[in-house]
Amino acid sequence: MIFFISLTITNVVTGQRNETIFSIPGDGNIYLNPESGSDANKGSKDQPIKTLFEAAQRINSANGKGSVTVYLAEGIYGLDATVLFHPVNWHFSKTERLTIRAEILPDDPEWNPAKMPIIISTMPLNFKPYGNNDPFKGASYGIQVETNFVTIQGLRVLGTPVHEKPADGFVRRNYPIVREGRDLDDLRITQCLFIGDKHAVPNHLAILASGHGVVVDHCVFYNVKDAVVYWFSDRPAERCEMHHNLVVGHYGAAVWTWSAAEDFKFYNNVVGNGNIFWVLNKDEKRSFTVTNSMVIGVKEMITKGGGPADFGLKADINKLKFAEGVVIKKDDNLEIEEDQTKRNYLHIKPGTTGSSIGAGLFYIK
C-alpha cells in the first residue's frame, strides 16, 4: 500500500507553481526530526519531515484506509498553529490506528528522559472552542484529534509561555491535547509526561477530550493546573479510563468527569501534593468508583461544576465509591525524584509512599 499526496508549492523568486507528489511507504510510517528534517522531504526514515503540522496535513489529504504511525525523533517541536488531525478520506480501525509516538519509548533499554520529544505551544491564543468566542479572552489548542482510533505515546508535553491571568475574569490558556468530537471513539494517551510551571509555561489543562473511549494511562502530570477533563459527549461518555497515572503538584484538579458514564474506570493512580482530587458535573447525577489508588496531601477531595476560571462548588463525597486498596492521607506528601539524570525522573522515589501502585511512564516494573 502506497498513498500519494499532491502539494502545490510556489517559487518565491519566479512565482512559478510546481506540483510535488509525496508518497508514504507501504508500512504507513512517517518520520519527523525537528533538527535534520525538512517539510519538503518524503517523510521516510532517511528523509524525515520537520514539523508535526506537515505530518497532519499529509494524513488529512490522504485517501484510503489502514494504520499510519508518526514517529517523532527527540528534539523540540514548537507548534505555532494548532496541529489538527482530521482525515476525511482516510479511515482507521481499532487494529489499524493512527499512532503519534516517540521513536524511543520509556520501556526501551536506550531510553532516558532526555530522549522524549518535547511539544510546546507558541501559537496566538485566539482559538474559538466549538466556533464560539472565548469568554475568558484567550485560548489555544496544541494537538487536536478529530478522528477515531488514535494513540498518542511517549511525548513530553509543555504548555505555552504566557501570563495566565492578566486581569480579573481573564484566563489565558493552552490545551495541549484536545478532542472536540462528541460522537468520536477510542483515544488513548499513554506514557506521556505533561509538565507545567504556572509562572513561566503554564500547562492549563493537559488533556481535554470529548466523546467515548478516552483512556489515559501511564502518564505523569507534574505541576499542571488540571490533568484530564472528560468534556462533552452525545450521551454519557462510555468506556473511559484513567489508570497507572501520577498527578502531582496540580493547582487545579486531577480529573473532571463532566461527561463520563458510570462505567468510568479509575485505578492504580496516585494523586498528591495538589489542590483538588475530583470534579463532577454540576448535576451530580453519576457516581464513580476509585480502585487501588492513593490520594496524598490534596487540599480538597471533590467539587462539582466549575470551568477555566473556578472549580465549582463543594460536592457530595459519597459520589465517589472507594473500593479495596484505596489510601487517602491528607497530611502527607509524595517524594518525587527531581534528579534529571535518573531514569525515574519526576516519578515517586522507590520505597516511599505511593511507589507500590505502579503509577508512571513504565509498563515494565
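Reference entry: report on the structure contained in this document. A quick note: this is a predicted structure, and the numbers were derived from the prediction, not measured.

Definitions and limits used
Residues numbered from 1 in each chain as written. Predicted model: local features only at pLDDT ≥ 70, side-chain atom pairs only at ≥ 80, totals over all residues. Heavy atoms only, no water. Helix = DSSP H or I, 4+ residues; strand = E, 2+ residues; numbered from the N terminus. Rg over C-alpha atoms; globule rule 2.2 N^0.38 Å. Buried < 20%, exposed > 50% of the residue type's maximum accessible area, 1.4 Å probe, protein only. Contact = heavy atoms within 4.5 Å. Areas by Shrake-Rupley, 256 points an atom, 1.4 Å probe, with all protein chains shown as cover. Lys, Arg positive; Asp, Glu negative; His and termini not counted. Charge placed at Lys NZ, Arg CZ, Asp CG, Glu CD. Salt bridge = Lys/Arg side-chain N within 4 Å of Asp/Glu carboxyl O. Core = buried A, V, L, I, M, F, W, Y, C linked by side-chain atoms within 4.5 Å. Patch = residues over 30% accessible without salt bridge, like charges linked within 9 Å, V, L, I, M, F, W, Y side chains within 5 Å. Pairing = 2+ DSSP bridges. Polar contact = N/O pair within 3.5 Å; in protein donor to acceptor, adjacent residues only side chain to side chain.

### Considerations on the overall build of the protein chain
What the protein chain contains, in helices and strands, is one helix and 32 strands. The C-alpha radius of gyration of the protein chain comes to 21 Å, within 12% of the 21 Å expected for a compact globule of 365 residues. With the principal axes as the frame, the protein chain shows a C-alpha extent of 70 × 45 × 40 Å. Expressed as a percentage of the 365 residues in the protein chain, the buried residues total 56%. Residue pairs at least 24 apart in sequence account for 70% of intrachain contacts in the protein chain once pairs closer than 6 positions are excluded. Element-wise, carbon and sulfur atoms account for 50% of the exposed surface of the protein chain, whose accessible area totals about 15600 Å². Separation between the mean location of the 38 positive side-chain charges and that of the 41 negative ones in the protein chain comes to 3 Å.

### Digging into unusual backbone geometry
With phi around 65 degrees, Asp 186 is a residue other than glycine that occupies positive phi space. A positive phi angle, near 60 degrees, is found at Arg 239, a position not held by glycine. As for its position among the elements, Arg 239 is in the loop between strand S20 (226–230) and strand S21 (241–243). A residue is classified by how much of its surface remains accessible, and Arg 239, at 40% relative accessible area, is partly exposed.

### Considerations on helix H1 (residues 52–60)
Within H1, seven of the nine residues are buried, which leaves the element mostly enclosed by the surrounding structure. For H1, every residue scored as buried is listed here: Leu 52, Glu 54, Ala 55, Ala 56, Arg 58, Ile 59 and Asn 60.

### Focus on the pattern of salt bridges
This structure, assessed with the given rule, holds 13 salt bridges. Between Arg 239 and Asp 185 there is a salt bridge; the shortest N-O distance is 2.9 Å. Of this pair, Arg 239 sits in the loop between S20 and S21 while Asp 185 sits in strand S15 (residues 185–190); the two residues are 54 residues apart in sequence, bridging distant segments of the chain. Of the charged contacts, one joins Glu 284 and Lys 304 as a salt bridge, the two residues approaching to 2.9 Å between their closest N and O atoms. On the criterion of sequence distance, the pair formed by Glu 284 in the loop between strand S26 (276–280) and strand S27 (288–291) and Lys 304 in strand S29 (residues 300–304) is long-range, its members being 20 residues apart. The class of Glu 284 is buried, set by a relative accessible area of 16%. Taking the relative accessible area as the measure of exposure, Lys 304 reaches 21% and is therefore partly exposed.

### Some points on the nonpolar core
Core analysis: the largest hydrophobic core is formed by 67 residues, its most contacted members being Phe 194, Phe 221, Tyr 230, Phe 264, Phe 277 and Trp 278. At four residues, the largest contribution of residues to this core is made by H1. Among the nonpolar cores identified, the runner-up in size contains 22 residues, and Ile 120, Val 270, Met 294 and Leu 346 belong to it.

### A closer look at a nonpolar patch on the surface
A cluster of nonpolar side chains, contributed by Ile 317, Phe 322 and Ile 328, occupies part of the molecular surface with about 230 Å² of accessible area. Residue position: Ile 317 is located in the loop between strand S30 (313–314) and strand S31 (320–322).

### Examining the sheet that holds S29
Strand order across the open sheet formed by nine strands is S7-S11-S14-S17-S20-S23-S26-S29-S30, with mixed pairing between neighbours. Looking at the sheet topology across the chains shown, the edges are occupied by strand S7 (83–85) and S30. Where strand S23 (residues 253–257) lies against S26, four bridges are found, and the strand directions are parallel. Bridged to Val 255 within S26 is Trp 278.

### Description of the sheet that holds strand S19 (residues 220–222)
With parallel pairing, nine strands are arranged side by side in an open sheet as S6-S10-S13-S16-S19-S22-S25-S28-S32. For this open sheet the edge positions go to strand S6 (76–79) and strand S32 (327–329), each flanked by a neighbour on one side alone. With three bridges connecting them, strand S28 (residues 294–296) and S32 associate as parallel partners. By the bridge assignment for S32, Val 295 is matched with Ile 328.

### Examining the side chain of His 204
Relative to the helices and strands, His 204 resides in the loop between strand S16 (193–195) and strand S17 (205–209). Assessed through its relative accessible area of 2%, His 204 is described here as buried. A distance of 3.2 Å separates the side chain of His 204 from the side chain of Glu 164, its partner in a polar contact. What His 204 contacts, discounting residues up to four positions off in sequence, is Glu 164, Val 171, Arg 173, Asn 174, Tyr 175, Lys 225, Asp 226 and Pro 308.

### Describing the pairing of S17
In terms of burial, S17 is largely enclosed, as five of its five residues are buried. Sheet topology places strand S14 (residues 173–179) next to S17; three bridges connect them, and they run parallel. Bridging from a neighbouring strand, Val 178 pairs with Leu 208 of S17. Sheet topology places S17 next to S20; four bridges connect them, and they run parallel. Residue Leu 205 lies in a different strand from S20, and its bridge partner there is Asp 226.

### What about the pairing of S27?
Alternating positions in S27 separate cleanly, Phe 288 and Val 290 being buried on one face and Thr 289 and Thr 291 remaining unburied on the opposite face. Looking at chain direction, S27 and S31 are connected through three bridges and run parallel. Bridge pairing in S31 places Thr 289 opposite Lys 321.

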